[in-house]
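This is what each chain is made of:
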There are 2 protein chains.
Amino acid sequence: MIDLVKNLAIVNRRTKASVIRELLKLTNKPEIISLAGGLPDPKTFPSEILADIASEVLRKQSHVALQYGPTEGLPEFKEQVIRLLREDEGIVVKQENILVTTASQQALDIVGRTFIDPSDPILVELPSYIGALQAFNAYGCKMVGVQGDDDGLRTDELEKRLLQLRKEEEHYKFIYIVPDFQNPNGVTLTEERRRQMVKLADEYSVMIIEDSPYRSVRFEGKAPHMLYKLGKHGNVVSLLTFSKVLAPSLRLGCIVGHEDVIKRMSILKQPLDLCTSSLSQMLACEFLKHGGYKEHIARLCKLYKTKKDAMLSALERHMPEGEGITWTKPEGGLFLWLRLPEPMNTDELFSEAVKENVAYVVGSAFHCDGSGHNTMRLNFSYPSEEQIDEGIRRLARMVKTHLPRRCARVSHAA
Amino acid sequence: MIDLVKNLAIVNRRTKASVIRELLKLTNKPEIISLAGGLPDPKTFPSEILADIASEVLRKQSHVALQYGPTEGLPEFKEQVIRLLREDEGIVVKQENILVTTASQQALDIVGRTFIDPSDPILVELPSYIGALQAFNAYGCKMVGVQGDDDGLRTDELEKRLLQLRKEEEHYKFIYIVPDFQNPNGVTLTEERRRQMVKLADEYSVMIIEDSPYRSVRFEGKAPHMLYKLGKHGNVVSLLTFSKVLAPSLRLGCIVGHEDVIKRMSILKQPLDLCTSSLSQMLACEFLKHGGYKEHIARLCKLYKTKKDAMLSALERHMPEGEGITWTKPEGGLFLWLRLPEPMNTDELFSEAVKENVAYVVGSAFHCDGSGHNTMRLNFSYPSEEQIDEGIRRLARMVKTHLPRRCARVSHAA
């Protein structure tokens, strides 16, 4: 066989298998309750409606639905995205502002490809979506993390970073952020910080990449404006997807941005996969037009709210109190975030958890600087309410066994 | 708006919009007969059967069909690919030898990503598939062209190239080849040259990338063995797709190779799009199992043979004889290749052709060294028989008007 070492490109050294996917393989045993995944609940899939639409579309419009389509996306599907943005977000865009992508993971790859040369500095959140870190990392960027709290990215920290690099006569290619119900921590960036963020982006001439896969999955509270709405024309690029609100297997998302950026990105998409599936676009298009999209989202949010509440109440019931253990209380999305006392290490505890037949994702996987060892991501969208309760119970038992004595005392004293 | 020039990655300078896609935009007028595209005839789409399958799969197996799937692909779909390779090609592979891709354009991107660092030399055919040139070019490789003839790639030329670089103590990362009914020229590599090619690959320790999207679309003649079958274990990576034999919009293909290579490629695919659509995989899987795949292919080949024959007879009828004009006679695929006398330039003649209301793809677009100015690609799969005849008539009229006098005379004298 060919000498692989001699033949492989450098990117192979930069790209590791996703920690999540590898962990998931370990946790495939039926006795394990997995709070590790990020899958939508299949109960939310509008299968019957999609079956009717697919049958109709394939019988009557197969010459479009089964054919190659334009790289930019089918105009009729983009029209529906334009309508949703106008109605739901008060955002006015044209066909030229939209590139249809093979879900938002491809959008992340295209963002990386468009802007990143090796060693280019970019800004990401601490923690941040692991799939984005992977996608950008493949292009060899230098990732710099910005700390957040329960109100989202800390804009004071962001400004420090921007100022510092300006002093070095360098600049960040972009800031990547998941502002709504962030993956992994479930936190939403406040309206005030959003306004500060777009102001800083303008002042420091840095692009914002707004990745918002869960924005429609809001159970409660009031939505702040999209960064795209608040930002200056051309300073914000937004990534949307139908994976969480319709079905992941459609592999359907889009990038919204300035037409000059979208034009560039369309050219770069051509060699990636020529075009996104016309069938997926037509299924989604018909669903958005006639499938009862709003009612569907309402049902989905109701289900996930019940599950989120189940997880919060299980945490209150089972987790040791006053031990320096905290968790976020998301108003939407699929995840929440558990913080253990600093000396605890969720990487090391993972095998203990698996022994207790429960799984989570280690927090360090989401930190570009390797920090976050005392944190973990918990998913509430996929497991049932019963599994959530039992899963948290098992997790709490494991945590109690390993709580550092000294730390617990300090915490009590504080 | 952000200063794009300051922010764009180098790849933007390397990636041009596809000549074909840009030309197609010019030729969208209804009065133009386009022999330029590369689309399958929608009449070949098994729409009714796929509509039934989609309806069934979405109603009964939506928890898989609409969900995320493994990056490597669904095992049941891969099982069908394994069966086809065994039955049709006498090739025995396992699950670990297959990575399901978002059609073969993504496979080309993954090949580029896996092996190419900037300035790495690779070998391609003269001419070669433009989508592959684009995909590899994005990774900044140095492409070296190898001349072919009507028996496919010239292996004596290939050996010269390999020897030369060995003398310079360098090596090619891979040889990229479309051995069956090549896009653009419709030529098939002979069995003898295939055997020479795998021997050279072994001798010079160079990987062969065998891209074979049209292999099942054979109208006549006997198929030589796949390079994968002839090559040593691990020296050949083959790309397959269902775009031409089922439907492009499924965006479904796969890479077959040594398990070490496939493992690498799976890791690199994760940040590209996480996984290929489970729905597409299940539709294809069911079609391959119960949809009458063999009969479908037979019908498709019959239709395309009629169209290919129509184009050949139109060329014989309309093109000026004995003027140094030649064309290939493909035994399958979607394209044939027209060569005009050397001084003629199909780039320059393109606007003339459009005036005559006929379109082709300029041959130079398929040549990594910018040669091939006297050639053009003609597609026979999409236009009707009537359009083929009329299109060739218009093309011949334009060609006659611009035939170089001196050249014509030289040609007569020869």
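(A) The arrangement of the overall build of chain A in detail. A tally of helices and strands in chain A yields 17 helices and 14 strands. For a compact globule of 414 residues, the expected C-alpha radius of gyration is about 22 Å, and chain A comes in at 22 Å, within 12% of that figure. Once the C-alpha set of chain A is aligned to its principal axes, its extents read approximately 65 × 60 × 55 Å. Counting only residues that meet the buried cut, chain A has 55% of its 414 residues in that class. If you take every contact in chain A between residues at least 6 apart in sequence, the share linking residues at least 24 apart comes to 77%.

(B) Representation of the environment of Ile-116 of chain A in the model. Among the secondary structure elements, Ile-116 of chain A is positioned in the loop between α7 (103-115) and β3 (121-126). For the pair Ile-116 of chain A and Ala-138 of chain A, spaced 22 residues apart in the sequence, the C-alpha separation amounts to 9.5 Å. With sequence-adjacent residues up to four places away left out, Ile-116 of chain A is seen in contact with Ile-122, Phe-136, Tyr-139, Cys-141 and Lys-173 of chain A together with Ala-9 of chain B.

(C) Region of interest: the packing of α7 of chain A against helix α12 (residues 259-273) of chain A. All names here are of chain A. Running from N to C, α7 and α12 cross one another at 115°; their axes reach a closest spacing of 10 Å. Judged by the angle between their axes, α7 and α12 are roughly perpendicular. With respect to the hand of their crossing, α7 and α12 are arranged in right-handed fashion. Contact residues: Gln-106, Ile-110, Arg-113 and Thr-114 in α7; Arg-264, Met-265, Leu-268, Lys-269 and Leu-272 in α12. When its residues are assigned to classes, the contact of α7 with α12 shows 4 nonpolar, 2 polar and 3 charged.

(D) Spotlight on the nonpolar core. Of all hydrophobic cores here, the largest spans 246 residues; its most connected members are Ile-208 of chain A together with Ile-208 of chain B. Apart from the residues within four sequence positions on either side, Ile-208 of chain A is in contact with Phe-174, Ile-175, Ile-177, Met-197, Val-198, Ala-201, Leu-227, Gly-231, Asn-235 and Val-236 of chain A.

(E) Examining the interface of chain B and chain A more closely. Listed by partner, the interface residues are 71 residues for chain B and 72 residues for chain A. Of all elements in the fold, only α1 (4-7), α2 (11-14), α4 (47-60), α5 (62-65), α7 (103-115), α8 (130-137), α12 (259-273) and α13 (278-290) of chain B reach the threshold of two or more residues within the side of chain B that touches chain A. Across the side of chain B that touches chain A, the residue classes tally to 33 nonpolar, 26 polar and 12 charged.

(F) Region of interest: helix α4 (residues 47-60) of chain A. Here α4 of chain A is 14 residues long and its end C-alpha atoms lie 20 Å apart, about the 20 Å a rise of 1.5 Å per residue gives. The complete set of buried residues in α4 of chain A reads Ser-47, Leu-50, Ala-51, Ile-53, Ala-54, Ser-55, Val-57 and Leu-58 of chain A. The elements touched by buried residues of α4 of chain A are α5 (62-65) and α13 (278-290) of chain A together with α4 and α5 of chain B.

(G) Broad picture of the domain arrangement of chain A. All names here are of chain A. The domain architecture assigned to chain A consists of domain 1 (4-45 + 295-413) and domain 2 (47-290). Taking only C-alpha atoms, the centre of domain 1 and the centre of domain 2 are 25 Å apart. Of the residues lining the interface, 34 residues belong to domain 1; the matching set on domain 2 comes to 33 residues. Sorting the residues of the side of domain 1 that touches domain 2 by element identifies α2 (11-14), α3 (19-26), α14 (293-318) and β11 (335-339) as the ones contributing at least two each. Considering each element in turn, the side of domain 1 that touches domain 2 owes the most residues, 6 residues, to α14. Grouping the constituent residues of the side of domain 1 that touches domain 2 by class yields 18 nonpolar, 10 polar and 6 charged.

(H) Broad picture of the sheet that holds strand β10 (residues 326-327) of chain A. Spatial strand order, β10-β11-β14-β13 (chain A): 4 strands in an open sheet with antiparallel pairing. Only two strands of the sheet have a single neighbouring strand rather than two, namely β10 and β13 (361-362) of chain A.

(I) Region of the structure containing the pairing of strand β9 (residues 253-256) of chain B. All names here are of chain B. The alternating pattern of β9 places Gly-253 and Ile-255 and Cys-254 and Val-256 on opposite faces, both of which are buried. With 4 bridges joining them, strand β2 (residues 98-101) and β9 adopt antiparallel strand pairing. Considered in β9, the bridge of Thr-101 is made with Gly-253. Bridging between strand β8 (residues 236-241) and β9 involves 4 bridges; their strand directions are antiparallel. Bridging across to β9, Leu-239 finds its partner in Ile-255.

(J) Inspection of α14 of chain A at higher detail. Residues and elements named next belong to chain A. Between its first and last C-alpha atoms α14 spans 37 Å; for 26 residues at 1.5 Å apiece the expected length is 38 Å, and the two agree. Three or more residues of α14 are buried, namely Leu-300, Tyr-304, Lys-307, Lys-308, Met-311, Ala-314 and Leu-315. Tucked inside the fold, the buried residues of α14 contact β10, β11, β14 (375-379) and α16 (385-402).

(K) Region of the structure containing the relation of the copies chain B and chain A. When chain B is fitted to chain A, the best match, at an RMSD of 0.0 Å, comes from turning it 180° and sliding it 0.0 Å along the axis. Such a combination of rotation and displacement between the chain copies is what one expects of a two-fold axis. Relative to the rotation axis, the C-alpha of Ser-55 of chain B is the closest in chain B, positioned 2.9 Å from it. The share of interface residues of chain B whose copies in chain A are also at the interface is 100%, consistent with both copies meeting through the same surface.

(L) Broad picture of the environment of Asn-28 of chain A. Residues and elements named next belong to chain A. Tracing the sequence through the fold places Asn-28 in the loop between α3 and β1 (33-34). On the neighbour-count criterion, Asn-28 (9 C-beta atoms within 10 Å) is exposed. Between the C-alpha atom of Asn-28 and that of Ala-359, which follows or precedes it by 331 residues, the distance is 10.0 Å.

How each quantity is defined
Here the residue index of a chain counts from 1 through its sequence in written order. Here the convention is simple: chains get letters from A, ligands get numbers from 1, in the order in which they are written. In keeping with the predicted nature of the model, local features appear solely for residues at pLDDT of at least 70, side-chain atom pairs appear and are counted solely at 80 or more, and the whole-chain, interface and lining totals rest on all residues. Only DSSP runs of H or I with at least four residues qualify as helices, and only runs of E with at least two residues qualify as strands; both kinds are numbered from the N terminus onward. Here the globule rule is a power law, 2.2 Å times the number of residues to the power 0.38, and the radius of gyration is based on C-alpha atoms. Around each residue's C-beta, the other C-beta atoms within 10 Å are counted; 20 or more make the residue buried, 12 or fewer make it exposed, and counts in between make it partly exposed. All C-beta atoms are placed from the backbone. The contact criterion used here is simple: two residues whose C-beta atoms, placed from the backbone, lie within 7 Å are in contact. Interaxial angle, 0 to 180 degrees, is taken between N-to-C directions of lines fitted to C-alpha atoms, where a helix line uses only the stretch in contact. In what follows, roughly perpendicular refers to angles from 65 to 115 degrees, roughly parallel to angles under 35, roughly antiparallel to angles over 145, and oblique to any angle outside these ranges. The sense of a crossing depends on the near helix, which, turned anticlockwise from the far helix by less than a right angle, makes the crossing left-handed and, turned clockwise, makes it right-handed. Throughout this entry, Asp, Glu, Lys and Arg are counted as charged residues, while Ala, Val, Leu, Ile, Met, Phe, Trp, Tyr, Cys and Pro are counted as nonpolar. The remaining residues, Gly among them, count as polar. Core membership is restricted to buried Ala, Val, Leu, Ile, Met, Phe, Trp, Tyr and Cys residues, and these are joined into a nonpolar core through C-beta atoms within 7 Å. Helix span is expected to be 1.5 Å times the residue number reduced by one. Domain start and stop positions are those given by an automatic or database domain assignment. For two strands to be treated as a pair, DSSP must find at least two bridges joining them. Residues reaching a pLDDT of at least 70 in both copies supply the C-alpha atoms on which the copies are superposed by least squares.

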